[in-house]
Each structure stands twice: as C-alpha cells, then as structure tokens.
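What follows is each chain in one-letter form.
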Amino acid sequence: MNPLIEWAAAAIIVIAAFFLLVGAIGLVRLPDFYMRLHAPTKASTLGVGGILVASMLVSAFQGRAGFAELLITLFVFVTAPVSANLMAQAALHLKARSQAPVPPQAVPERHKS
C-alpha cells in the first residue's frame, strides 16, 4: 500500500483517539449527569467518525468500496445526538439537578435592574 495513505490514516486515527480520550476524561471528571452526557456524546462521535473515515480511506486503496464503514458512520452520527437528547429529557423529567451555576440574569427575581 502507498505509504502516504498509511500516514494519512495513522494521523486521522491519532486525532480520533485524542477526541475519544477527551470524551472519556470528560465522562470521569465532570460533576453531574448533564455535563457527563455532553462530553462523551460530542467527542466520541468525532472519535468514532475519524476512525471510520481512516478505515474508509484504507479500504478504498485496497479495492473495497467501504460501504459498511459509511453506514456505520451515518448510524453513529444519527443515533448519538438522538440518544443524548432522550437521556437529557428523561433526566429533566426525573428532575435531576445540575451543579452548574445559574447566571443571575436567568432568574427574574434575582436580577436587579
């Protein structure tokens, strides 16, 4: 295989691994459910997408079309935001509290004009 393609795929995988690492660290370090939900959803979508793009790049130069990788990428990009939204709605329904500070302008009775 072409060394340029191998280096490009390796670079894409390293970048994707960085996003996956950031998502995993965010999942462990962030204090409440809403913040923990945001970090892995965004970062892991980019990480898995990057790895699948690298896989499509390599498979294209090996003579395969890479349709399976394309379908997996589309599935991940569609289902991750939808599942995150449903989990956030369930947490709101269960009245899960957030530890994020509320800005004074958000609550009318606290805001002094």
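Note that the structure is a prediction, hence the values are computed from the model and not measured.

Draft legend 1. Spotlight on the packing of aromatic side chains. Tallying each qualifying case throughout the model produces two aromatic pairs. Centre to centre, the rings of F18 and F19 are 6.0 Å apart; their planes meet at 65°, and the pair counts as edge-to-face. Judged by its relative accessible area of 30%, F19 is partly exposed. Ring centres 5.8 Å apart and planes at 75° place the aromatic pair F33 and Y34 in the edge-to-face group.

Draft legend 2. Structural detail: the side chain of T45. With respect to the secondary-structure elements, T45 resides in helix α2 (residues 33-61). Here T41 takes part through its backbone oxygen, which lies 2.6 Å from a polar atom of the side chain of T45. Apart from the residues lying within four places of it in its own chain, the contact partners of T45 are P40, V76, F77 and A80.

Draft legend 3. Up close: unusual backbone geometry. The phi angle at K95 is positive, at roughly 60°, despite the residue not being glycine. Under the relative-accessibility criterion, K95 is labelled exposed at 70%.

Rules of the game
Residues numbered from 1 in each chain as written. Predicted model: local features only at pLDDT ≥ 70, side-chain atom pairs only at ≥ 80, totals over all residues. Heavy atoms only, no water. Phe/Tyr/Trp six-rings, centres within 6.5 Å; stacked < 30°, edge-to-face > 60°. Buried < 20%, exposed > 50% of the residue type's maximum accessible area, 1.4 Å probe, protein only. Helix = DSSP H or I, 4+ residues; strand = E, 2+ residues; numbered from the N terminus. Polar contact = N/O pair within 3.5 Å; in protein donor to acceptor, adjacent residues only side chain to side chain. Contact = heavy atoms within 4.5 Å.

Structural measurements only, silent on function.
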